[in-house]
Amino acid sequence: MLNLIIFGSPGAGKGTQAKMLAKQLDLLHISSGEILRQEAKNKKLATQINSYLDKGRLVPDELIIKLITERLEERLGKIGIIFDGYPRTLSQADFLDKLFERKKLKSPLVISLELE
């Protein structure tokens, strides 16, 4: 089962490439930005998430990990996944490594998009 992580600076085309690869390879596209935008509409989390996003700051690892985990728990190991914008920090990467180990899955391949 193929799992990918796509990295790159803002504007490098991560989302565009992730969407194309997801479609071509039949992968579930997990976008941390899209998840945050969806959750920011949720009244329960809107104030908390928007307090970070409005200031251009990263949402704390604990919250991102919780939101990503909710989307992965049922699917990881059953369908290939492409991660777009996740992980962003060492803490998030460590969590993802441990999750893959716990599920006895090979680590995802990483694609790094670089611009001049």
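For the structure itself, consult the block above.
Since the model is a prediction, treat every value here as computed from it, not as a measurement.

To continue, consider the packing of helix H2 (residues 32-40) against helix H4 (residues 61-72). Two numbers describe how H2 lies on H4: the axes approach to 11 Å, and their chain directions differ by 100 degrees. Considered as vectors, H2 and H4 are oriented roughly perpendicular to each other. Counted together, Ile35, Leu36, Gln38 and Glu39 of H2 and Ile64, Leu67, Ile68 and Arg71 of H4 form the full contact between these two elements. Its residues assigned to classes, the contact of H2 with H4 shows five nonpolar, one polar and two charged.

Turning next to the nonpolar core. A general trend in soluble globular proteins is that nonpolar side chains are found buried together. Core analysis: the largest hydrophobic core is formed by 22 residues, its most contacted members being Ile30, Ile49, Leu72, Phe83 and Leu96. Put simply, the parts of the chain that give this core at least two residues each are strand E2 (28-31), H2, helix H3 (43-53), H4, strand E3 (81-84) and helix H5 (90-102). The element best represented in this core is H4, accounting for six residues. What Ile49 contacts, discounting residues up to four positions off in sequence, is Leu36, Glu39, Ala40, Val59, Leu63 and Leu67. Within the second largest apolar cluster, six residues are counted, among which are Leu4, Ile6, Ala22 and Ile82.

Attention now goes to helix H1 (residues 14-25). If you check H1, its first and last C-alpha atoms are 16 Å apart, about what twelve residues at 1.5 Å a residue would give, namely 16 Å. Taken residue by residue, H1 has Lys14, Ala18 and Ala22 as its buried positions. Buried residues of H1, seen end-on, are gathered within an arc of 60 degrees and therefore sit on one face of the element. For H1, the exposed residues lying more than 90 degrees away from the buried face are Lys19, Lys23 and Gln24. Asp26 sits one or two positions beyond H1 and adopts a positive phi of about 55 degrees.

This part is about unusual backbone geometry. The omega torsion across Tyr86 and Pro87 is 0 degrees, close enough to zero to call that bond cis. Of note, the phi angle at Asp26 is positive, near 55 degrees, even though the residue is not glycine. Along the chain, Asp26 turns up in the loop between H1 and E2. One non-glycine residue, Lys104, lies in the positive phi region at around 60 degrees. Residue position: Lys104 is located in the loop between H5 and strand E4 (109-113).

What counts, and where the lines are drawn
Residues numbered from 1 in each chain as written. Predicted model: local features only at pLDDT ≥ 70, side-chain atom pairs only at ≥ 80, totals over all residues. Heavy atoms only, no water. Axes fitted to C-alpha atoms, helices over the stretch in contact; angles between N-to-C directions. Helix = DSSP H or I, 4+ residues; strand = E, 2+ residues; numbered from the N terminus. Parallel < 35°, antiparallel > 145°, perpendicular 65-115°, else oblique. Contact = heavy atoms within 4.5 Å. Nonpolar A, V, L, I, M, F, W, Y, C, P; charged D, E, K, R; others polar. Core = buried A, V, L, I, M, F, W, Y, C linked by side-chain atoms within 4.5 Å. Buried < 20%, exposed > 50% of the residue type's maximum accessible area, 1.4 Å probe, protein only. Expected span 1.5 Å × (residues − 1). Arc of directions from axis to C-beta.

As far as function goes, none of this settles anything; it's purely spatial.
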